[in-house]
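What follows is the residue order along each chain.
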There are 2 protein chains.
Amino acid sequence: MKFIARNRSIILYGVSLAILLLTMKWLEWRIVVIDHAFELYAGVVAILFTLLGIWLANKLTRPKTNTVVIEKQVLVRTKDFVLNEVELARLSLSKRELEVLQSMADGLSNQQIAERLFLSLNTIKTHSSKVFEKLEVQRRTQAVEKARQLNIIP
Amino acid sequence: MKFIARNRSIILYGVSLAILLLTMKWLEWRIVVIDHAFELYAGVVAILFTLLGIWLANKLTRPKTNTVVIEKQVLVRTKDFVLNEVELARLSLSKRELEVLQSMADGLSNQQIAERLFLSLNTIKTHSSKVFEKLEVQRRTQAVEKARQLNIIP
DNA sequence: TTCTTCCTCATACTTTAGGATGATTTTAAT
DNA sequence: ATTAAAATCATCCTAAAGTATGAGGAAGAA
């Protein structure tokens, strides 16, 4: 019985008061009620004003609030691609070299890149070699992987 | 004075009671105190039990737990990768082929993949050829690009 | 068991990529 | 005008990648 557990003290108080009054009644029952109207009245007043106090407290005191703060982690994924201009500047890739790098990332062969940029195959080879040099890699796949990690290509 | 603001009603109640008693006193001061001991006693009892009621209420009301959820933003730089199992199943890539594809995405050469997977170079070539076939591409860079677009590798 | 798929490896060959080097031209800055 | 960096292209050579084909073994399903 949750009600009993919660209001144990109140109930005990009430019961005690009742017992007290009953005891008084039992002890002095033979004496005229009027003689003891005072005690009865006092008991009633006590009970009423106790209830009034409880009502007052509940009505007027601000509710006790135990603020429990729960931190909920919200994953916010970064925008799809933010160019890392710092790294791009640090690598000092020329415009052409970057174009070649982007084309490599698209999966194009050197020949296809040459056609796309209207250049000779040999020029593409030269550019790609420079790119590998600056990115400190050996193969185009590594170059693309590293460029992606550094956020210099989408 | 915050205290006054908070307990305004209680104070008013007390003051009213005091005024009432004082009025009674003033009106009937000339009558013997004993004749009116009853009213005084009742007033004292009322005040005491009102205070008792307030104390009881404050002691026994359980604090309301106010749960406040604070959303803490956590930046995740890696785009959340959700494996496209549908595409993966559609392509019917075998376990080995997928491993080779992932290694290619890491920028490894066939020789390095062979060493990583404890296989021969020729085996890697066979697997990669099958991968290109299933992905309908010609080069490893294209394979990685397409696999990324299909969300079958991070 | 038989059949299929996957995995493994090999050989032979072609294509592409990459390295090294040098030359010419353009562009931009001093 | 001079200088430096960037861009273009070439040749020669090696390494790596990719294609085609075959073949044997292992694992799982019918």
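Everything that follows concerns the structure shown earlier in this document.
Residues numbered from 1 in each chain as written. Chains lettered and ligands numbered in written order. Predicted model: local features only at pLDDT ≥ 70, side-chain atom pairs only at ≥ 80, totals over all residues. Heavy atoms only, no water.

**Q** Sorry if this is basic, but what is going on with the protein's contact with DNA strand D here?
**A** Near DNA strand D, the surroundings consist of 18 residues, among which Ser94, Arg96 and Asn122 of chain A together with Lys125 and Arg140 of chain B are the closest. Each atom of DNA strand D within 4 Å of the protein was classed as base or backbone; sugar and phosphate made up 68%. Separating a phosphate oxygen of DNA strand D from a backbone N or O atom of Asn110 of chain B is a distance of 3.0 Å. Arg140 of chain B is positioned with one of its side-chain polar atoms (N or O) 2.6 Å from a phosphate oxygen of DNA strand D. With 4 residues, helix α7 (residues 121–135) of chain A is the largest single contributor of residues to the surface near DNA strand D. Looking at side-chain class alone, the surface near DNA strand D contains 2 nonpolar, 10 polar and 6 charged residues. (Near = heavy atom within 4 Å. Polar contact = N/O pair within 3.5 Å; in protein donor to acceptor, adjacent residues only side chain to side chain. Helix = DSSP H or I, 4+ residues; strand = E, 2+ residues; numbered from the N terminus. Nonpolar A, V, L, I, M, F, W, Y, C, P; charged D, E, K, R; others polar.)

**Q** Looking at this model, I keep getting lost on the protein's contact with DNA strand C. Mind explaining?
**A** Near DNA strand C, the surroundings consist of 18 residues, among which Lys125 and Arg140 of chain A together with Ser94, Arg96 and Asn122 of chain B are the closest. For DNA strand C, a phosphate oxygen lies 3.0 Å from a polar atom in the backbone of Ser120 of chain B. Between DNA strand C and the protein, one listed contact pairs a phosphate oxygen with a side-chain N or O atom of Thr123 of chain B at 3.0 Å. Elements represented by at least two residues in the surface near DNA strand C include exactly α7 of chain A together with α5 (95–105) and α7 (121–135) of chain B. Among the elements that make up the surface near DNA strand C, the one with the highest residue count is α7 of chain B (4 residues). Residue composition of the surface near DNA strand C, grouped by class: 2 nonpolar, 10 polar and 6 charged.

**Q** Please explain the environment of Glu87 of chain A as it appears in this structure.
**A** Residues and elements named next belong to chain A. Assignment of secondary structure puts Glu87 in helix α4 (residues 85–91). For Glu87, a relative accessible area of 17% gives the class buried. In sequence terms Glu87 and Leu150 are 63 residues apart; their C-alpha atoms lie 6.8 Å from each other. If we skip the residues at most four places from it in the chain, Glu87 touches Leu150 and Ile152. Engagement of the side chain of Glu87 in a polar contact is seen with the side chain of Arg90, the distance being 3.0 Å. (Buried < 20%, exposed > 50% of the residue type's maximum accessible area, 1.4 Å probe, protein only. Contact = heavy atoms within 4.5 Å.)

Scope: geometric values only; no functional claims are made or implied.
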